[in-house]
Amino acid sequence: MNHVDTLECTLCGETYDPDQVIYTCPNHDGVAGILGVVYDYDRIAECFDEPLDGAIDSQWKYRAFLPVADDVEPVTLGEGGTPLLDAPRLGDELGVDLRVKDDGRNPTGVLKDRATSVSLTKAREFGREIVTCASTGNAAASLAGFAARGGMDCRLFVPGDAPEGKLAQPLVYGADVLGVEGSYDEAYDLSMEVTERFGWYNRNAAVNPFQVEGKRTVGHELAEQTREDVPDWLVFSMGDGCTIAGGWKGFREFRDLGFVDEAPKMLGVQAEGASAIHDTFQAHDDVEEVADTVADSIAVGRPRNTVKACRALEESGGDSVLVSDEEILAGEALLGRTEGVYAEPAGAAPVAGVRKARQEGIIDEGESVVVVVTGNGLKDTESAMRAAGEVVSIAPDIQDVIERYE
Ligand SMILES: *Cc1c(COP(=O)(O)O)cnc(C)c1O
Ligand SMILES: [Zn+2]
């Protein structure tokens with residue numbers, strides 16, 4: 001793995017050996033010293049000879065950029081390579097030139113599959129056979145699916161009130177699913193204790209330094225897919241903040257290497273009921289540590305990656321907005337109705353975020369925007385019914401149809 005230089009602490013700059021299993025920098029009491037992977041881009045550029053012509057079979061097209069050893073077989077289900085769709089009707093509604101990156105089409109229905117694939121490939125490299133994480137639902141389902149694929153045992157900590165579809169999925173993949181009677185934040189703390197005690201390989205997004213690296217491939221793909229027409233804005237929802245940080249790092253790398261001329265401004269979207277990253281970025285005095293939103297995948301009270309997320313917003317000249325649950329559900333219905341893309345609430349939050357950013361004068365009329373749909377709606381049908389309304393009940397009689405449509 002001679003294209004990885006080191007692991008570097010985002011807080012104090014201390015460096016660590018990338019061949020060792022380490023999660024966070026131990027120099028910081030109480031706060032997590034998140035590690036970033038530092039690459040040797042000259043070496044990467046030497047090995048990367050893929051054509052940037054928009055044909056993307058899977059994220060492993062960008063293997064030269066991923067922090068895995070050359071001789072390890074990836075744990076993969078064909079993640080990545082998702083389409084970038086024109087979205088003219090939705091764009092008209094929002095007053096922008098819009099495209100949608102549909103990452104809900106990943107193998108377990110979520111962008112996180114990119115990261116899971118990389119971290120389980122690392123677990124394989126490190127010889128680990130038991131993997132774990134805490135999750136609001138999607139990371140658990142994703143980890144369980146890839147663990148099954150890699151022949152590993154999977155033990156999950158999820159908050160008791162996660163949507164049923166997200167609990168059914170890891171059960172089908174054969175994982176132990178432990179429903180913690182408490183919040184995501186409590187499930188998270190428990191998973192960290194367990195990791196220390198049992199030495200299972202921990203996929204937790206913010207603390208596993210290799211995890212976020214897989215999420216860069218959504219940025220690589222977007223850079224490749226928009227090479228002729230880089231958008232003004234790239235929009236992600238934010239929970240722990242790893243996804244937007246990874247997406248930005250990937251796009252920025254391709255710009256810095258000259259594969260694409262410029263990079264977009266990042267717009268981060270949070271729910272009003274879970275707004276800690278937004279509050280920090282906007283320098284509000286009191287950062288609320290609550291997590292109460294219909295968008296369960298971004299219901300995070302204490303985000304683990306606020307630093308990296310805020311850096312992505314800052315470096316790109318971007319901004320952040322908050323949206324209400326009503327606005328998120330309206331965004332889910334609007335996205336489905338106008339473009340045929342079915343998102344879960346956290347996946348639709350960027351649509352609501354674009355509308356909010358237009359109202360607040362952050363995005364101007366006619367600017368070009370890419371929204372990233374991070375998760376598939378089929379996992380959370382209860383919210384979908386709230387978003388899209390009721391089934392109309394009729395008798396098996398032509399008269400009922402005539403009354404309605406004639
Ligand atoms: C996890 C998740 C997010 C947020 O990602 P973070 O890295 O926690 O910011 C957004 N949407 C969906 C569907 C997710 O599963
Ligand atoms: Zn440190």
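Read on for an overview of the structure. Quick caveat: nothing in here was measured; it's all calculated off a predicted structure. (Residues numbered from 1 in each chain as written. Chains lettered and ligands numbered in written order. Predicted model: local features only at pLDDT ≥ 70, side-chain atom pairs only at ≥ 80, totals over all residues. Heavy atoms only, no water.)

**Focus: the environment of Arg358**
Assignment of secondary structure puts Arg358 in helix α12 (residues 345-359). For Arg358, a relative accessible area of 24% corresponds to the partly exposed category. Along the sequence, Arg358 and Leu94 sit 264 residues apart, while their C-alpha atoms lie 7.7 Å from each other. Beyond its immediate stretch of four places on either side in the chain, Arg358 contacts Leu94, Gly95, Val96, Ile363, Asp364 and Glu365. For Arg358, the side chain forms a polar contact with the main-chain oxygen of Ile363, separated by 3.4 Å. (Helix = DSSP H or I, 4+ residues; strand = E, 2+ residues; numbered from the N terminus. Buried < 20%, exposed > 50% of the residue type's maximum accessible area, 1.4 Å probe, protein only. Contact = heavy atoms within 4.5 Å. Polar contact = N/O pair within 3.5 Å; in protein donor to acceptor, adjacent residues only side chain to side chain.)

**Let's talk about empty space enclosed by the protein**
All told, the structure shown has one cavity of 30 Å³ or more when counted by the stated rule. A volume near 340 Å³ is recorded for the largest cavity. Contributing to the lining of the largest cavity are 31 residues, with Lys112, Lys215, Asp240, Thr243 and Ser297 lying nearest its centre. Sort the elements by how many residues they give to the lining of the largest cavity and helix α8 (residues 242-256) lands first, with three residues. The residue makeup of the lining of the largest cavity, split by class, is 13 nonpolar, 13 polar and five charged. (1 Å grid on protein atoms, 1.4 Å probe; cavity = no way out; pocket = protein on both sides within 12 Å on 5 of 7 lines; lining within 4 Å. Points joined across faces, edges and corners; volume = space filled by probe spheres on them. Nonpolar A, V, L, I, M, F, W, Y, C, P; charged D, E, K, R; others polar.)

**Considering the coordination of the zinc ion (ligand 2)**
Coordination of the zinc ion (ligand 2) by the protein comes from Cys9 (SG), Cys12 (SG), Cys25 (SG) and His28 (NE2), over a distance range of 2.0 to 2.4 Å. Geometry at the zinc ion (ligand 2) is tetrahedral, judged from the four donor atoms that bind it and their angles of 104 to 113° at the metal. Written as a sequence motif, the donor residues of the zinc ion (ligand 2) are C-x2-C-x12-C-x2-H. We classify Cys25 as buried; its relative accessible area is 2%. (Donors = N, O, S within 2.8 Å, 3.2 Å for Na, K, Ca; no water. Tetrahedral: all angles 85-135°; square planar, octahedral: opposite > 155°, others 65-115°.)

**Considering the site of ligand 1**
Near ligand 1 lie 17 residues; those nearest to it are Lys112, Asp240, Gly241, Thr243 and Thr374. Gly241 places a main-chain nitrogen or oxygen 2.7 Å from an oxygen atom of ligand 1. Relative to its unbound accessible surface of 380 Å², ligand 1 loses 97% to contact with the protein. Put simply, ligand 1 lies in the largest cavity. Among the residues making up the shell around ligand 1, the classes are represented as five nonpolar, eight polar and four charged. (Near = heavy atom within 4 Å. Areas by Shrake-Rupley, 256 points an atom, 1.4 Å probe, with all protein chains shown as cover. Sits in = over half its atoms within 2 Å of the grid points.)

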